Amino acid sequence: MFAVRLYRVGLFTDMYLPGPNGVATSVYLLLRELRRMGHEAWVIAPQDPEAPEHEEGVVRVRSVPYPFFEGTRLAFPSPRKLPTEFEITHTHTPLGMGLWGMQIARRHELPHVSTFHTNYEKYAHYIPGLAVLDKYTGIMRRLGRAFYNRAEVVIAPTHPVQLLAEDYGIERPIRVIPTGIDTDLLLSAPEPPSPWPAGKRRLLTVGRLGKEKSFEVVIEAFAQIRQACDAHLTHVGEGPEREALQRRAHDLGVLEHITWVGAVPYRNVGGYFRLAELFLFASETETQGLVLWEAQAVGVPVVAVGAGGTLEGVEEGKSGYLVAPQAPREMAARALELLADEGKRLKFAQAARQFADRRSARRIAEEIVACYDEAGEILRAEPQRLIFPFPRLPRAEV
């Protein structure tokens, strides 16, 4: 039997709990499983005033709020905050903390693994002027190419994201490894007071209320569902588009039939999933659609837009349905199909649990450790390989 090498791993991320997003959840589960396996793993993340005072395996560095993206903070890395001498760096964002992890790897000749979590072009509007600049210069892809080509191994959570990374011009080995699901945590979460009125069909959607998530499509579909079914929609999450979405719900006559719960700690969100009968989701920008897997893990069928990572997030026609982007009528029709046939909905619920069982957090962590092994072998084989330069903006002529 071969001995498993144990690593001192630095997980560098600009997004971490208590922030309610897929990157934060992914890093948290990886940290926990690596430590259970015996690795000395540490998350290096921005300081957050909402974070617990004591977090096992987490080092917080000084940060300030980023004014244009609610819940995001800009960190100021300091080598004095590092808890150990890492043997490998695993970056999860190509931003401040990820750049720091990359620099540490280059300076100390360490293997560098990076996970391509997000289609960053879809978030350019959160930096003033960047969306326009990107339109004419392609700066987002150029930055992404320069960053990820500095890793020994790149991890993509789904095959569509692998294709996106290749389209960016990333030439490093790309391994498809999805984010793990912690079914036990979802099932053990405390049950909240029900946000659904008694006797109503219980619909749920979860996610940040940002433009890129297309929640207006869910609201428009829900308005059509209400015409044929006495349903109530609950949304879990917060974000800058809340008021605009509430105005849209009011215009459609369904505002009083939607409960806006707000942000919920990750450890508690499972309680809302368990109470729901059907999960709706309309984002076109997901690299994997982690909330789809979480809903299915507790037996909630899904009706979601099929785009990007969500294409692999539903077993079509068995655990849920995928519909075309910006098609609220189709989403409503599929939802009503399941709500009108309880036997079919329960059959889909059972298939959803079986589908999500494939993604245990422990199994995913073992696959990632194999990437660490591979990254070390690559670094030893090609220590002086060509590095893609970071793009520079043209200087103004004077």
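Residues numbered from 1 in each chain as written. Predicted model: local features only at pLDDT ≥ 70, side-chain atom pairs only at ≥ 80, totals over all residues. Heavy atoms only, no water.

Trainee: Is there a simple way to think about the overall build of the protein chain in this case?
Mentor: Counting its regular elements, the protein chain contains 13 helices and 15 strands. With 398 residues in all, the protein chain has 57% of them scored as buried. Element-wise, carbon and sulfur atoms account for 52% of the exposed surface of the protein chain, whose accessible area totals about 18200 Å². (Helix = DSSP H or I, 4+ residues; strand = E, 2+ residues; numbered from the N terminus. Buried < 20%, exposed > 50% of the residue type's maximum accessible area, 1.4 Å probe, protein only. Areas by Shrake-Rupley, 256 points an atom, 1.4 Å probe, with all protein chains shown as cover.)

Trainee: I'm lost on the sheet that holds strand β9 (residues 174-176) in this one. Help?
Mentor: Across a sheet, strands are paired by hydrogen bonds formed along the backbone, either parallel or antiparallel in direction. Here seven strands make up an open sheet; going across it, the order is β3-β2-β1-β6-β7-β8-β9 and the pairing parallel. Pairing within the sheet leaves two strands with one partner each, and these edge strands are β3 (58-61) and β9. With strand direction ignored, the average angle separating the axes of adjacent strands in the sheet is 25 degrees. Note that strand β2 (residues 40-46) and β3 share four bridges and pair parallel. Opposite A45, over in β3, you have R60 as the bridge partner. (Pairing = 2+ DSSP bridges. Axes fitted to C-alpha atoms, helices over the stretch in contact; angles between N-to-C directions.)

Trainee: Is there a simple way to think about the pattern of salt bridges in this case?
Mentor: When the charged atoms of two side chains lie near each other, side chains of opposite charge can form a pair. The final tally for this structure, using the stated rule, is 25 salt bridges. A salt bridge links R32 to D182; its shortest N-O distance comes to 2.1 Å. Here R32, found in helix α1 (residues 22-36), pairs with D182, found in the loop between β9 and α6 (183-188); they are 150 residues apart in sequence, far enough to count as distant. The residues R32 and D182 share a single accessibility class, namely buried. R60 is the salt-bridge partner of E55, the closest N and O atoms lying 2.9 Å from each other. Salt bridges sharing common partners tie together R201, R202, E277, E342 and R345. (Salt bridge = Lys/Arg side-chain N within 4 Å of Asp/Glu carboxyl O.)

Trainee: Help me understand helix α11 (residues 328-339), please; the structure alone is not making it clear to me.
Mentor: Because the α-helix completes a turn every 3.6 residues, residues three or four places apart line up on one side. Taking 1.5 Å per residue as the helical rise, α11 with its 12 residues ought to reach 16 Å, and the 16 Å between its terminal C-alpha atoms agrees with that figure. Every buried residue of α11 is accounted for by P328, M331, A332, A335, L338 and L339. Buried residues of α11, viewed axially, fall in a sector of 125 degrees; they line one side. Its buried side turned inward, α11 meets β10 (201-206), α7 (215-226), β13 (278-281), β14 (302-305), β15 (320-323) and α12 (342-356). (Expected span 1.5 Å × (residues − 1). Arc of directions from axis to C-beta. Contact = heavy atoms within 4.5 Å.)

Trainee: Before we go on, may I ask you to explain empty space enclosed by the protein in this structure?
Mentor: Where empty space is left can be seen by rolling a probe of water-molecule size over the atoms. Applying the stated criterion to the full structure yields two cavities of 30 Å³ or more. Approximately 160 Å³ is the volume attributed to the largest cavity. What lines the largest cavity is a set of 18 residues, and nearest its centre among them are S26, P178, T179, I364 and I368. Of all the secondary structure elements, the ones that give two or more residues to the lining of the largest cavity are α1 and α13 (361-381). Residue composition of the lining of the largest cavity, by class: 10 nonpolar, seven polar and one charged. Empty space within the second largest cavity amounts to approximately 50 Å³. As for the second largest cavity, its lining consists of T205, L209, F215, V218, I219, L233, H235, I258 and W260. Taken together, the elements giving at least two residues each to the lining of the second largest cavity come down to α7, β11 (231-236) and β12 (258-262). The element best represented in the lining of the second largest cavity is α7, accounting for three residues. Among the residues making up the lining of the second largest cavity, the classes are represented as seven nonpolar, two polar and no charged. (1 Å grid on protein atoms, 1.4 Å probe; cavity = no way out; pocket = protein on both sides within 12 Å on 5 of 7 lines; lining within 4 Å. Points joined across faces, edges and corners; volume = space filled by probe spheres on them. Nonpolar A, V, L, I, M, F, W, Y, C, P; charged D, E, K, R; others polar.)

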